[in-house]
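Descriptive analysis of the structure
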Amino acid sequence: MEFTLEFDGNEADRNLLDFYDAAQAFGGFQRSLALTTHLIVNGEIITQAPALKNAAILVRPPEVGSWKAVAVVTGTILLSGGVASKDSVLGHLLTSAYDYVISESLGFHVDFEKSLGQQIEEHRAISDEVPRELDQGKFEALIEKVESAVRDLHRPISHSGTAATAILGESQSGLIVRKTGPTLDRATFEYIDVTNLGSDQKSYTGKVSSYNSNTYKGRVYVEDEGRPVPFTLAEVSRDSKTISKIVGSLSANAMDRFDQRAEIRFSALRYESKNGRLKGFLILRVF
């Protein structure tokens, strides 16, 4: 199956891009797609694109009259007549997963339970190809790993200005038939590139949906935001009592996401994008 990254506007309309920026953008395209493919196929997170197993990402030659990169995903598990089939179980999940990862990276919330999570369960019921390890926590970890790659996708827009926008999507013969993630522009770049830490400490209520004990990072679902929000425990809050409350919320939420015992109250500073959108919390205290 194919995925295409296509740039438009400014010099791109004359079939020109800054060489360095184009190289960085296409590298980010390959990395973000490779890490997502590896998770879908193998059920595990990698940090380097060359570590991709049981699949390969090939590139078609550039086309005259456009500025796009066309990637073809192939592999021993995804194969259907020589290339990964968009109609295969894993092929269908790959498109949905890539959309989820790019959208969430850029601050566009997608309800995991009602979208990708539901698809995973449905496909798992009819096929043993779907790795048992696929869950929301794995995808949240993946989003962290591809952040720099998604930032690089913007290079022709954000640095040289040789393009104004870009789109990603599943494609056929280089023509995008299903868009994955939002249109890339200056606003999406500023969201992923700029992170300001506010000075006003506020209280919130939420349920922990993921937590990594090695990095002290996770996500907490805050109803007022309508989405899981990334968080980092500040050094002053990395004590056994606080961590026990975080893990307790995660455990209760995993058993029953409607369980009120999963709720915690916490005070935090806000990480915000340049335009004031909430990107995460620095948790100072859990009550």
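See the structure shown above.
Residues numbered from 1 in each chain as written. Predicted model: local features only at pLDDT ≥ 70, side-chain atom pairs only at ≥ 80, totals over all residues. Heavy atoms only, no water.

Notes on the pairing of strand 3 (residues 67-74)
Across the 8 residues of strand 3, 7 count as buried, placing the element largely inside the fold. As judged from the 6 bridges shared by strand 1 (residues 2-8) and strand 3, these two strands associate in the antiparallel manner. Bridge assignment links threonine 4 to a residue of strand 3, and that residue is valine 70. Here 4 bridges tie strand 2 (residues 56-59) to strand 3, and the two strands are oriented antiparallel to one another. When the bridges of strand 3 are listed, leucine 58 appears paired with valine 72. (Buried < 20%, exposed > 50% of the residue type's maximum accessible area, 1.4 Å probe, protein only. Helix = DSSP H or I, 4+ residues; strand = E, 2+ residues; numbered from the N terminus. Pairing = 2+ DSSP bridges.)

Details of the nonpolar core
One finds Phe7, Phe29 and Phe139 to be the most contacted residues of the largest nonpolar core, which totals 49 residues. Mapped by element, the contributors of at least two residues to this core are strand 1, helix 1 (19-42), strand 3, helix 2 (89-105), helix 3 (116-126), helix 4 (136-145) and strand 6 (165-172). Per element, the largest residue contribution to this core is 9 residues, and it comes from helix 2. Beyond its immediate chain neighbours, meaning those up to four positions away, phenylalanine 29 contacts Phe3, Thr4, Leu5, Ala69, Ala71, Tyr98, Leu153 and Leu168. The next biggest cluster of nonpolar side chains, apart from the first, holds 16 residues, and it includes Tyr211, Val220, Ala268 and Val286. (Core = buried A, V, L, I, M, F, W, Y, C linked by side-chain atoms within 4.5 Å. Contact = heavy atoms within 4.5 Å.)

A few points about the pattern of salt bridges
A pair can form between side chains of opposite charge whenever their charged atoms are brought close. One pass over the structure, following the stated rule, counts 11 salt bridges. With a closest N to O distance of 3.5 Å, glutamate 44 and lysine 53 form a salt bridge. For lysine 53, a relative accessible area of 43% puts it in the partly exposed group. Here glutamate 147 makes a salt bridge to arginine 151, at a shortest N to O gap of 3.5 Å. Of this pair, glutamate 147 and arginine 151 are both found in helix 5 (residues 147-152), 4 residues apart, which corresponds to roughly one turn of the helix. (Salt bridge = Lys/Arg side-chain N within 4 Å of Asp/Glu carboxyl O.)

Structural notes on helix 7 (residues 186-193)
Looking at helix 7, one finds that the buried residues are Thr188, Phe189, Tyr191 and Ile192. For helix 7, the arc enclosing every buried residue in end-on projection is 160 degrees, short of the 170-degree limit, so these residues lie on one face. Where helix 7 is buried, its residues meet helix 2, helix 5, helix 6 (155-158) and strand 13 (278-286). A side-chain oxygen of the first residue of helix 7 lies 3.0 Å from the backbone nitrogen of alanine 187; this N-cap is aspartate 185. (Arc of directions from axis to C-beta. Polar contact = N/O pair within 3.5 Å; in protein donor to acceptor, adjacent residues only side chain to side chain.)

Details of the sheet that holds strand 2
Spatial strand order, 2-3-1-6-7: 5 strands in an open sheet with antiparallel pairing. Edge positions in the sheet fall to strand 2 and strand 7 (175-179), since each of these pairs with one other strand and no more. The average angle at which neighbouring strand axes cross in this sheet is 40 degrees, direction not considered. Contacts from helix 1 reach strand 1, strand 2, strand 3 and strand 6, with the element oriented near 25 degrees to strand 3. Packing against the sheet, helix 2 makes contact with strand 1, strand 3, strand 6 and strand 7, and its axis sits at approximately 75 degrees to strand 7. (Axes fitted to C-alpha atoms, helices over the stretch in contact; angles between N-to-C directions.)

Looking at the packing of helix 2 against helix 4
Where helix 2 meets helix 4, the closest approach of the two axes is 10 Å, and the angle between their N-to-C directions is 55 degrees. With respect to helix 4, the axis of helix 2 lies oblique. The two elements helix 2 and helix 4 meet at a crossing, and its hand is right-handed. Touching Ala97, Tyr100, Val101, Glu104 and Ser105 of helix 2 are Gln136, Phe139, Leu142 and Ile143, all from helix 4. For the contact of helix 2 with helix 4, the per-class residue count stands at 6 nonpolar, 2 polar and 1 charged. (Parallel < 35°, antiparallel > 145°, perpendicular 65-115°, else oblique. Left-handed = near helix turned anticlockwise from the far one by under 90°. Nonpolar A, V, L, I, M, F, W, Y, C, P; charged D, E, K, R; others polar.)

Side note on the packing of aromatic side chains
Taken as a whole, this structure holds 10 aromatic pairs when the rule is applied. Between phenylalanine 112 and phenylalanine 139, the aromatic rings sit 5.9 Å apart at their centres with planes inclined by 50 degrees, giving tilted as the arrangement. Of this pair, phenylalanine 112 sits in the loop between helix 2 and helix 3 while phenylalanine 139 is found in helix 4, placing the two residues 27 residues apart along the sequence. Here phenylalanine 112 and phenylalanine 139 have matching classes, each one buried. Three or more aromatic residues joined by ring pairs make a cluster, and in this case those are Phe7, Phe26 and Trp67. For arginine 265, the ring lying beneath its charged end belongs to phenylalanine 287, and the centroid distance is 4.6 Å. In this structure, arginine 277 is placed above the aromatic ring of phenylalanine 108, and the distance from its NZ or CZ to the ring centre is 5.2 Å. (Phe/Tyr/Trp six-rings, centres within 6.5 Å; stacked < 30°, edge-to-face > 60°. Lys NZ or Arg CZ within 6 Å of the ring centre and 35° of its normal.)

Some points on the environment of glycine 198
Along the polypeptide, glycine 198 turns up in the loop between strand 8 (196-197) and strand 9 (202-212). The contacts of glycine 198, once residues within four sequence positions are left out, are Leu269 and Arg270.

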